Amino acid sequence: MTEPTPRTAPLTEAEEDRLPVLMPVFDTKAARLFIGNKVAAESPDLLLAGEVTSTMNLAVNIEMRPLTLADGTAVRRTHIGLIDGPGNTPAHLLGAVLTVAGILGQASPGKAHYPPHRPGNLLVHCRGGRSRSATVLALYLTLAHGEAFPSFEAAINHVRARRGLGTDQPQPAMLDLAARALELVGSAPLLGQGNG
């Protein structure tokens, strides 16, 4: 038997997109935020291991099927479809950021007509978890946790480091969109510091 040759080059996006990616980004008061990809969002074993009970899909071109974990928990699926590149509005991006805050603050009532659910962590994903997801999470960290991330640059560098991204991600159009969203918000706090 021969040992596999160690890989010295990073995976291509196509190679990586076949593997599950689930990386912790930040612990809020309510839950741990993860960034990942579609493959991870479809893996009940991986989600259960990460205590992920909610996912937020940011890919306009991907629909996620309902998913139940082995413990009977129905994963809550949220979908805000963003285009990976030009074509989004600052309001749409801010809507995704507000939705992250909303998911983190939402209760898990045990109503008879609701699928079984329990509080847990949140996975924010798109197809690959490199551009749309990174932008939304960095903007959320900037607006909701400014004490830890006083600038968008600090937040995006943190997300890149946690996700293992270079400076070529997120796509320039997504970074420009985040700058326009921050201009729209201005100095007024969109989210109270320390939310979620």
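Given the structure is predicted, the values throughout are model-derived calculations rather than measurements.

1. Some remarks on the overall build of the protein
Helix and strand counts for the protein come out as 7 helices and 5 strands. In sequence order, the protein lays out its α and β elements as α-β-β-α-α-β-β-α-β-α-α-α. Against the globule reference of 16 Å for 196 residues, the protein gives a C-alpha radius of gyration of 17 Å, in line with a compact fold. Considering only C-alpha atoms, the protein reaches an extent of 60 × 50 × 30 Å along its principal axes. The proportion of buried residues among the 196 residues of the protein is 45%. When contacts within the protein are restricted to residue pairs at least 6 apart in sequence, those whose partners lie at least 24 apart make up 65%. In the form shown here, the protein has an accessible surface area of approximately 9800 Å², with 57% of it arising from carbon and sulfur atoms.

2. Overview of the sheet that holds strand β5 (residues 121-125)
Reading across from one edge, β1-β2-β5-β3-β4 is the order of the 5 strands in this open sheet, with mixed pairing throughout. Across the chains shown, the open sheet's two edge strands, defined by having one partner strand only, are β1 (22-27) and β4 (76-82). Across this sheet, the average inter-strand angle for adjacent strands is 25°, counted without regard to direction. Judged from the 5 bridges that link them, β1 and strand β2 (residues 32-36) form a sheet pairing that is antiparallel. Each bridged residue has a counterpart across the sheet, and for Pro24 the counterpart in β2 is Phe34. The sheet strands contacting helix α5 (residues 132-144) are β1, β2, β3 (52-59), β4 and β5, and the helix crosses β2 at an angle near 155°. Along the sheet, helix α6 (residues 152-163) contacts β1 and β2; its crossing angle with β1, the most-contacted strand, is approximately 145°.

3. Things to note about the packing of helix α4 (residues 90-105) against α5
Across the interface, α4 lies against α5 with an axial gap of 9 Å and an inter-helix angle of 70°. The orientation of α4 with respect to α5, classified from their angle, is roughly perpendicular. As α4 packs across α5, the resulting crossing turns out to be right-handed. Of the residues in α5, those touching α4 at Leu93, Leu94, Ala96, Val97, Val100, Ala101 and Leu104 are Thr135, Val136, Leu139, Tyr140 and Leu143.

4. Topic: helix α7 (residues 172-185)
Over its 14 residues, α7 extends 20 Å from the first C-alpha to the last, a length consistent with the 20 Å expected when each residue adds 1.5 Å. Those residues of α7 not exposed but buried are Met174, Leu177, Ala178, Ala181 and Val185. The buried residues of α7 occupy an angular sector of 105° when the element is viewed end-on, so they sit on one face. Of the exposed residues in α7, those oriented more than 90 degrees away from the buried face are Pro172 and Glu183. Its buried side turned inward, α7 meets β4, α4, α5 and α6. Just downstream of α7 lies Gly186, where phi reads positive at about 65°.

5. Some points on the pattern of salt bridges
Between side chains of opposite charge, a pair can form when the charged atoms approach closely. Taken as a whole and assessed by the stated rule, the structure comprises 9 salt bridges. One salt bridge in this structure joins Arg32 and Asp27, with 2.6 Å as the shortest N-O distance. The exposure class assigned to Asp27 is partly exposed, which follows from its relative accessible area of 45%. A single salt-bridge network, built from bridges that share partners, covers Glu13, Glu16, Asp17, Arg127, Arg130 and Arg163.

6. Let's talk about the nonpolar core
Core analysis: the biggest nonpolar cluster contains 53 residues, and Met56, Leu58, Val100 and Tyr140 have the highest contact counts within it. Here the element with the most residues in this core is α5; it accounts for 9 residues. When sequence neighbours within four positions are dropped, the list of residues in contact with Met56 reads Thr78, Ile80, Ala96, Thr99, Val100, Ile103, Leu122, Leu123, Val124 and His125.

7. Some thoughts on the pairing of β2
With respect to burial, β2 is a largely interior element, 4 of its 5 residues being buried. Of the pairings in the sheet, the one linking β2 to β5 comprises 4 bridges and is parallel in character. Residue pairing in the sheet places Leu33 in a bridge with Leu122 of β5.

How each quantity is defined
- Residues numbered from 1 in each chain as written.
- Predicted model: local features only at pLDDT ≥ 70, side-chain atom pairs only at ≥ 80, totals over all residues.
- Heavy atoms only, no water.
- Helix = DSSP H or I, 4+ residues; strand = E, 2+ residues; numbered from the N terminus.
- Rg over C-alpha atoms; globule rule 2.2 N^0.38 Å.
- Buried < 20%, exposed > 50% of the residue type's maximum accessible area, 1.4 Å probe, protein only.
- Contact = heavy atoms within 4.5 Å.
- Areas by Shrake-Rupley, 256 points an atom, 1.4 Å probe, with all protein chains shown as cover.
- Pairing = 2+ DSSP bridges.
- Axes fitted to C-alpha atoms, helices over the stretch in contact; angles between N-to-C directions.
- Parallel < 35°, antiparallel > 145°, perpendicular 65-115°, else oblique.
- Left-handed = near helix turned anticlockwise from the far one by under 90°.
- Expected span 1.5 Å × (residues − 1).
- Arc of directions from axis to C-beta.
- Salt bridge = Lys/Arg side-chain N within 4 Å of Asp/Glu carboxyl O.
- Core = buried A, V, L, I, M, F, W, Y, C linked by side-chain atoms within 4.5 Å.

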